[in-house]
Structure formats: C-alpha cells, structure tokens
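Residue-level structural notes
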Amino acid sequence: MHTITFADTCRALLALARLGVQTRFRMRGAYWRWRMETAFGNDPSRMPPRVERIRSIIEYGAWVHRMRSLMRR
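Residues numbered from 1 in each chain as written. Predicted model: local features only at pLDDT ≥ 70, side-chain atom pairs only at ≥ 80, totals over all residues. Heavy atoms only, no water.

**Points about the packing of aromatic side chains**
Within the structure shown, the criterion is met by three aromatic pairs. Relative to W34, the ring of Y31 lies with its centre 6.0 Å away and its plane at 45°, an arrangement referred to as tilted. Here W34 and Y31 lie together in helix α2 (residues 30-40), a separation of three residues that amounts to about one turn. Y31 gets classed as partly exposed once you look at its relative accessible area, which sits at 27%. Of the aromatic side chains, those joined through ring pairs into one cluster are Y31, W32 and W34. The residue whose ring lies beneath R35 is Y60, and the NZ or CZ to ring-centre distance is 4.3 Å. (Phe/Tyr/Trp six-rings, centres within 6.5 Å; stacked < 30°, edge-to-face > 60°. Helix = DSSP H or I, 4+ residues; strand = E, 2+ residues; numbered from the N terminus. Buried < 20%, exposed > 50% of the residue type's maximum accessible area, 1.4 Å probe, protein only. Lys NZ or Arg CZ within 6 Å of the ring centre and 35° of its normal.)

Structural data, given as structure tokens:
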C-alpha cells in the first residue's frame, strides 16, 4: 500500500476535482453510483464509517493521479 503524503493528498483532491468536472459534478449520476457501489457495496449498514470512506476516496484520487501520470510517460 502506498503511504499518502500531504502532496499526494493535494494531487488526489485535484484528480477528484478533475473527475468531478468531467462528470459535471453529478454525484448521483451513473459513474459515481457505480464507483460507490464497487468501492463500498450496496448495503448502507455495511459501509465503513465516514472517516474511513473519506480516506478511501482520497486514496482513490491519489491512485487516479498516479495512473494518469504513468500514462503521460
């Protein structure tokens, strides 16, 4: 697992903002519903606590940034 630094967190937030722009911030749209279901499942009672979800979302944003920078090489 990759340790998330402050710089990674900033890059992750930018990557998530970019995804938000691409999806026109339709957080209840098809892409974001699919992301939430694949990441956390359909059952709200089995979802991780809010802090853990936020950490996971930031880790996802950091991963998106790393993948995009690998594609640019």
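**Considerations on the layout of surface pockets**
Within this model, the largest pocket holds a volume of roughly 530 Å³. When residues of the lining of the largest pocket are traced back to their parent elements, those giving at least two are α2 and α3 (50-72). Of the residues in the lining of the largest pocket, the class split is nine nonpolar, one polar and five charged. (1 Å grid on protein atoms, 1.4 Å probe; cavity = no way out; pocket = protein on both sides within 12 Å on 5 of 7 lines; lining within 4 Å. Points joined across faces, edges and corners; volume = space filled by probe spheres on them. Nonpolar A, V, L, I, M, F, W, Y, C, P; charged D, E, K, R; others polar.)

**A closer look at the nonpolar core**
In this structure, A15, L16, L19, W32, Y60 and V64 together form the largest nonpolar core, which totals six residues. The element contributing the most residues to this core is helix α1 (residues 6-22), with three residues. When residues no more than four places from it in sequence are discounted, the contact partners of Y60 are L16, L19, Y31 and R35. (Core = buried A, V, L, I, M, F, W, Y, C linked by side-chain atoms within 4.5 Å. Contact = heavy atoms within 4.5 Å.)

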